[in-house]
Amino acid sequence: MNIEELNYLEKCEKVIEDDFFNAYLDKKNKAALCVCKQSYIPAEDFINSFNQIADILEKTRLESFIFDKRALRAFHQPTMEWYFVEWKNRIYNYGVNKHYKILPPQDWFADCVEAGKASILKNNPSFEFEKFNIKYCDSIIDAIE
Amino acid sequence: MVQLVDSSNNAEEQISAMENMLEMTTEYLNQTKNQLKKEKDKLEKIQSDLFKSLKFAAIIQEAIQPSEIDLRQKFSDVSIYSRPRDIIGGDFVWHFEKDDQTLIACIDCTGHGVPGAMLSMAAYFCLSQIAERIELNSNEYFLKAFNTEFYNYLHKNKASHEFSMEHGFDISLLRYDKSSSKIFFSGTNQQVLYLSNRVSKILKGDRTYVGNKQIDSIREIELNVRSGDIFYLFTDGIPDQFGGSRYKKIGRKRVLQFLTNLQNLNLSKQQEMIDVFLKTWQGNREQTDDMLLIGLKI
């Protein structure tokens, strides 16, 4: 993360800080941000943190969710499936349908993400990917802009 | 900084997650690879079929045009250098004999590839039909009759507004009246090089197009010719070819100069030299347009 991103995050409201994530709100830009801090997030911790984030989003009127996964090197696919199919649909009902994702720079990770998406589609053929506006960005600043 | 998860339970879950990721991604990449291979095979088959189809179309297009052998019965030497950009194209040679008149034309239809070739076929038959029907004693009258014939031919379907000819044809038409040893030249947007007794003359066509609803008047240049005179008719694909050290068009002037310098060679030798000249200029670059160059010796 570069200085510009750190400066930006300092201005945001930090709402969660645990071993695995920091979560922020940028009400001016109607965005919530979640920054991974570990190379791997255990399934239970992931679900707990994201449920907390969803509870916060329920009380706010935000539109975008920025997920910085640059620290990740591995993910738990069943948890990713939950995140896509259940969690995204939940926050969609709160008005959040723009998802900006920042992936680690390694090409293999992007391949794993694509494989994971294909697996989610296979297991959930009725899941409407296109309902969510998903974009991949290079940095938090890029996502905010 | 990335922190490592150190709890043993978490480590076990992480290893299992990574193994799952590896397996899932390998399977996904293999499926993608297989899918790509199938698509590649499909595309290769389409390409191969298209290529065969174009090759056969080129044979048909070539078959209706006069050969050098046919034309050598009327001229002492003939060379036809034809190089369509996309196997088939819109440039073609047309030839017709009636009474004492020999008509020969170098024609460049708008476009190249399949549409160019289709237009050239339509134009070829319209030219021949008109030549059969009317008296061949005026180039202008002939080209105007062809213009009307062609326009009506391509506008039979009055309900269709899809087709509109933006430009039509560039033509160089030579009418050789053997009884009077005269050549009558008319052209649109083309130039013809005429060499007589080591003197070169450029015959310039009018700036108009054949193939539109309306057509301007077309001049006719009359020349008294004698044995050994040479005419070079060519389409704009030759001077418009990009290349050379500064990636420029060859240009009409350079083409005319090159042809003038070749006049002492027989036409088939000239054709070899022209081929080398054009390919050297082009280098590794793409061919810009269809090319046609006709050399005729009286």
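As shown above, the structure is provided for reference.
Since we're looking at a predicted model, the values are computed, not measured. (Residues numbered from 1 in each chain as written. Chains lettered and ligands numbered in written order. Predicted model: local features only at pLDDT ≥ 70, side-chain atom pairs only at ≥ 80, totals over all residues.)

Draft legend 1. Structural view of the overall build of chain A. A tally of helices and strands in chain A yields five helices and six strands. Across its three principal axes, chain A shows a C-alpha extent of roughly 40 × 35 × 30 Å. Considering chain A as a whole, with its 145 residues, one finds that 31% of them fall into the buried category. Contacts in chain A between residues at least 24 apart in sequence constitute 75% of all its contacts with a sequence separation of at least 6. (Helix = DSSP H or I, 4+ residues; strand = E, 2+ residues; numbered from the N terminus. Buried ≥ 20, exposed ≤ 12 C-beta atoms within 10 Å, placed from the backbone. Contact = placed C-beta atoms within 7 Å.)

Draft legend 2. Structural view of the overall build of chain B. From N to C terminus, chain B includes six helices and 12 strands. Computed over C-alpha atoms, the radius of gyration of chain B comes to 28 Å, more than 25% over the 19 Å expected from 2.2 N^0.38 for 298 residues, which places it beyond the range of a compact globule. Over its C-alpha atoms, taken along the principal directions, chain B stretches across nearly 105 × 50 × 35 Å. For chain B, with 298 residues in total, the buried portion stands at 32%. If you take every contact in chain B between residues at least 6 apart in sequence, the share linking residues at least 24 apart comes to 69%. (Rg over C-alpha atoms; globule rule 2.2 N^0.38 Å.)

Draft legend 3. Expanded view of the interface of chain B and chain A. Chain B puts 15 residues into the contact, and the matching count from chain A is 18 residues. Across the side of chain B that touches chain A, the residue classes tally to nine nonpolar, five polar and one charged. (Nonpolar A, V, L, I, M, F, W, Y, C, P; charged D, E, K, R; others polar.)

Draft legend 4. Quick look at the nonpolar core. One finds Ile-107 and Tyr-232 of chain B to be the most contacted residues of the largest nonpolar core, which totals 55 residues. Contact partners of Tyr-232 of chain B, with chain neighbours within four places excluded, come to Val-192, Leu-193, Leu-259, Leu-293 and Gly-295 of chain B. (Core = buried A, V, L, I, M, F, W, Y, C linked by C-beta atoms within 7 Å.)

Draft legend 5. A look at the sheet that holds strand E3 (residues 101–109) of chain B. Residue and element names in this part refer to chain B. One open sheet accounts for five strands, arranged E2-E3-E4-E5-E8; its pairing is antiparallel. The open sheet has two edge strands with one neighbour each: strand E2 (91–98) and strand E8 (221–224). When the angles between neighbouring strand axes are averaged without regard to direction, this sheet yields 15 degrees. Inspection of the sheet shows strand E5 (residues 182–188) paired to E8 by four bridges, in the antiparallel sense. Across the sheet, Lys-182 pairs through a bridge with Asn-224, a residue of E8. (Pairing = 2+ DSSP bridges. Axes fitted to C-alpha atoms, helices over the stretch in contact; angles between N-to-C directions.)

Draft legend 6. Structural view of unusual backbone geometry. Residue Lys-30 of chain A is not a glycine yet carries a positive backbone phi of 55 degrees. Within the secondary structure, Lys-30 of chain A is located in the loop between strand E2 (21–26) and strand E3 (31–36). In the Ramachandran plot, Asn-197 of chain B falls in the positive-phi region, its phi being about 55 degrees despite a non-glycine side chain. Position of Asn-197 of chain B relative to the elements: it lies in the loop between strand E6 (191–196) and strand E7 (199–204). Residue Asn-197 of chain B is classed as exposed on the basis of its C-beta count, with 7 C-beta atoms lying within 10 Å.

Draft legend 7. Here's a closer look at the sheet that holds strand E9 (residues 230–234) of chain B. Residues and elements named next belong to chain B. What the five strands build is an open sheet, ordered E1-E12-E9-E6-E7; its pairing is antiparallel. A strand with exactly one partner marks an edge of an open sheet, and here the two such strands are strand E1 (77–83) and E7. Strand-to-strand, the axes of this sheet are offset by a mean angle of 15 degrees, without reference to chain direction. Across six bridges, the pairing between E6 and E7 is antiparallel. Each residue of the ladder has a partner; that of Val-192, found in E7, is Leu-203. Along the sheet face, helix H5 (residues 252–261) touches E6, E7 and E9 and points at about 25 degrees away from the line of E6.

Draft legend 8. Representation of the environment of Phe-21 of chain A. Residue and element names in this part refer to chain A. Looking at where Phe-21 falls in the secondary structure, it is placed in strand E2. When the 24 C-beta atoms within 10 Å are taken as the criterion, Phe-21 is described as buried. For the pair Phe-21 and Gln-38, spaced 17 residues apart in sequence, the C-alpha to C-alpha distance is 7.8 Å. Setting aside chain neighbours within four positions, we find Phe-21 in contact with Ile-16, Cys-34, Val-35, Cys-36, Lys-37 and Ser-49.

Draft legend 9. Layout of the packing of helix H3 (residues 77–92) of chain A against helix H4 (residues 107–123) of chain A. Residue and element names in this part refer to chain A. Running from N to C, H3 and H4 point in directions that differ by 65 degrees, and their axes come no closer than 10 Å. The orientation of H3 relative to H4 falls into the category roughly perpendicular. Once H3 is placed against H4, the crossing between them reads as right-handed. Contacts between H3 and H4 involve Gln-77, Met-80, Glu-81, Phe-84 and Val-85 from the former and Gly-116, Ser-119, Ile-120 and Asn-123 from the latter. (Parallel < 35°, antiparallel > 145°, perpendicular 65-115°, else oblique. Left-handed = near helix turned anticlockwise from the far one by under 90°.)

Draft legend 10. Spotlight on helix H4 (residues 139–153) of chain B. Residues and elements named next belong to chain B. Counted at 1.5 Å a residue, the expected span for H4 with its 15 residues is 21 Å, and the 21 Å between its end C-alpha atoms agrees. Inspection of H4 places Asn-139, Phe-142, Leu-143, Phe-146, Asn-147 and Phe-150 among the buried residues, and these make up the whole buried set. Buried residues in H4, looked at end-on, bunch into an arc of 140 degrees, giving them a common side. Taken together, the buried residues of H4 touch helix H3 (113–133), strand E4 (169–177) and E5. (Expected span 1.5 Å × (residues − 1). Arc of directions from axis to C-beta.)

Draft legend 11. Structural detail: the packing of helix H2 (residues 43–59) of chain A against H3 of chain A. Residue and element names in this part refer to chain A. The N-to-C vectors of H2 and H3 enclose an angle of 10 degrees; their axes lie 11 Å apart at closest approach. Taken together, the axis directions place H2 and H3 in an arrangement best described as roughly parallel. Here Ala-43, Phe-46, Ile-47, Phe-50, Ala-54 and Leu-57 of H2 come into contact with H3, specifically with Pro-78, Thr-79, Trp-82, Tyr-83, Trp-87, Arg-90 and Ile-91. Of the residues in the contact of H2 with H3, the class split is 11 nonpolar, one polar and one charged.

Draft legend 12. How the structure looks around the environment of Lys-269 of chain B. Residues and elements named next belong to chain B. Locating Lys-269 in the fold gives a position in helix H6 (residues 267–282). Take Lys-269: there are 12 C-beta atoms within 10 Å of it, and that puts it in the exposed class. Sequence separation of Lys-269 and Ile-60 is 209 residues, and the distance between their C-alpha atoms is 27 Å.

Draft legend 13. View of the environment of Glu-140 of chain B. Residue and element names in this part refer to chain B. Secondary-structure assignment places Glu-140 in helix H4. By C-beta crowding, Glu-140 is classed as partly exposed, having 16 other C-beta atoms within 10 Å. Setting aside chain neighbours within four positions, we find Glu-140 in contact with Ser-186, Ser-217, Ile-218 and Glu-220.

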